[in-house]
Amino acid sequence: MPKADLVVVANRLPVDRIEDERGEPAWRRSPGGLVTALEQVMKTVDGAWVGWAGKAGLTVEPFEFDGTQLVPVSLDEEELESYYEGFSNGTIWPLYHDVIATPVYKRSWWDSYVRVNRRFAEAAAEAVGEGGVVWVQDYQLQLVPQMLRELRPDVTIGYFHHIPFPAYGLYSQLPWRRQVLEGLLGADVIGFQRVADAGNFQRSIRRVLKFTTKSDSITIPQPDGTSRTAVAKAYPISIDAHSFIELAKDPAIRDRAREIREQLGSPSKVLLGVDRLDYTKGIRHRLKAFGELLVDGKVKVGDVTLVQVASPSRPGVEAYQDLRDEIELTVGRINGDYDTINHTAIRYLHQGFPREEMVALYLAADVMLVTALRDGMNLVAKEYVAVHTDNRGVLMLSEFAGAADELGSALLVNPHDIDGMKDTIMRAIEMPESEQSRRMRSMRRRVLENDVERWGQKFLADVEAFRAARTRRGED
Ligand code: G6P
């Protein structure tokens, strides 16, 4: 396999394994935002992508897909449970989302996390060319930067953290808090979603490792008495706004949006929630607020409908199974009490949909509810804004989602404050078009200016500065 100049390392490959028409296994590009984001970058360089093929026990040789080398890392059943469902999604995920669910600290999970991170680091070390760049993605792979630095000191390393980084008071619970920080500090550039996340990370560095930080940079003492510098700062991720706008212009998708409203019984207002079924998303809080508005008689079935898409996620993790039961019980109760033969209070869909259908849903919705209790960014908020080219529609956005830093013209809410949420839902439903338009215009400007291409360019430009400095030092 040829060596790559840029290697992305992520828990998942950018493709999903499917069966083609003849029932043969095949690969299809995954719909995720990161994949779209990096698609362009990877096409312009000799790129490789190291990641898990998404199925336990599946071992696949490296292969080329759409001009990019894909390097599958295999995980067996036990590793799926201990590294992915366990340490990544039972320890780090809840801890980093402000312990909304209780993190579980298990030494065997940690051991597996170390082992699997080493496998990813080795695969990246193998794939990257002399003096190349490796860009590591997200919380499943926090140890990879340091492991890779030891294997390949010639390589420049970036790491982007897609989820929040918690305050020190919470982070310090982690029994392996030192090792994780050391792992991350193997990178030259460490990117976060919010300025606050970068600040939390730097504080943990000062408290645990006693290193000095100044503005964005961290001074890391080296064994030989010298020191090196790493940069830790915010690079808020975004969406490929233009591809969403293109879809929003498509007559077939616009027709579908109209059809959705009709099929819902033509309510005067459609409210929409779109989330992975995850306890961080505040789906229960949203349902509670909406349910109480029905009880209070402030909204009437037939007049207002809530569409809630909750795409299946991490079904092997207990907290997700419990959440699903709770949500489905709540939806069932509300609908049981308020539905009529021809109208529903909540149209609940535990399904994932292709991007075209998502855009039609966004277009059909008068109000988008993003009520996360904690969220790294929340791209759904940005997608909803991007497609509303007519400046209609209202975004209700949790102040605990990273997107709130940029989308200050949304109706910002604290999802824990149920009365506040109820008032804000009513305000959204009743908002005059002139106000909708003023708010939407300013949000759209932000999303269009700062799209995902800009995000990638900014991050990689900072990485390139390190690479250039390394080259200069090599020439001395
Ligand atoms: C979040 C994480 C990603 C992850 C995605 C889906 O957005 O930041 O790293 O890939 O959720 O979760 P899954 O566990 O299915 O990969």
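None of these values were measured; they are calculated from a predicted model.

A tally of helices and strands in the protein yields 16 helices and 18 strands. By the compact-globule yardstick of 23 Å for 476 residues, the protein fits well, its C-alpha radius of gyration being 23 Å. Once the C-alpha set of the protein is aligned to its principal axes, its extents read approximately 75 × 55 × 45 Å. Across the 476 residues of the protein, 47% fall into the buried class. Taking contacts inside the protein between residues at least 6 apart in sequence as the whole, the part at least 24 apart equals 73%.

Another aspect to go through is the confidence of the model for the protein. Looking at the protein, pLDDT values average 96 and 100% of them are 70 or higher. In the predicted complex, the global pTM is 0.97; the interface-specific ipTM is 0.98.

Strand order in this open sheet of ten strands is β5-β6-β4-β1-β7-β8-β9-β12-β11-β10, and the pairing throughout is mixed. For this open sheet the edge positions go to β5 (63-65) and β10 (212-214), each flanked by a neighbour on one side alone. Here the strands of the sheet are splayed against their neighbours by 25 degrees on average, with no regard to which way each runs. Contacts from helix α3 (residues 107-127) reach β1 (4-12), β4 (47-52), β6 (68-73) and β7 (128-137) within the one sheet, and its direction differs from that of β6 by about 150 degrees. Packing of helix α7 (residues 195-209) onto the sheet brings it into contact with β9 (189-192), β10, β11 (217-221) and β12 (227-234), and relative to β12 it is tilted by some 150 degrees.

Once that is clear, we can look at the environment of Ala360. Summarising the element assignment, Ala360 is placed in helix α12 (residues 355-364). Those residues in contact with Ala360 that lie beyond four places of it in its chain are Ile253, Arg256, Ala257 and Ile260.

With respect to burial, helix α13 (residues 379-387) is a largely interior element, nine of its nine residues being buried. Every buried residue of α13 is listed here: Leu379, Val380, Ala381, Lys382, Glu383, Tyr384, Val385, Ala386 and Val387.

Think of two packed helices as two axes; the pair is described by the angle between the axes and how far apart they sit. Closest axis-to-axis distance for the helix α9 (residues 251-263)/α12 pair is 8 Å, and the angle between their directions is 60 degrees. In terms of orientation, α9 and α12 fall into the oblique class. Taken as a pair, α9 and α12 cross one another with a handedness that is right-handed. Of the residues in α12, those touching α9 at Ile253, Arg254, Arg256, Ala257, Ile260 and Arg261 are Glu356, Val359, Ala360, Leu361, Leu363 and Ala364. Of the residues contributing to the contact of α9 with α12, the split by class is eight nonpolar, no polar and four charged.

Basis of the calculations
Residues numbered from 1 in each chain as written. Predicted model: local features only at pLDDT ≥ 70, side-chain atom pairs only at ≥ 80, totals over all residues. Helix = DSSP H or I, 4+ residues; strand = E, 2+ residues; numbered from the N terminus. Rg over C-alpha atoms; globule rule 2.2 N^0.38 Å. Buried ≥ 20, exposed ≤ 12 C-beta atoms within 10 Å, placed from the backbone. Contact = placed C-beta atoms within 7 Å. pLDDT = per-residue confidence, 0-100. Pairing = 2+ DSSP bridges. Axes fitted to C-alpha atoms, helices over the stretch in contact; angles between N-to-C directions. Parallel < 35°, antiparallel > 145°, perpendicular 65-115°, else oblique. Left-handed = near helix turned anticlockwise from the far one by under 90°. Nonpolar A, V, L, I, M, F, W, Y, C, P; charged D, E, K, R; others polar.

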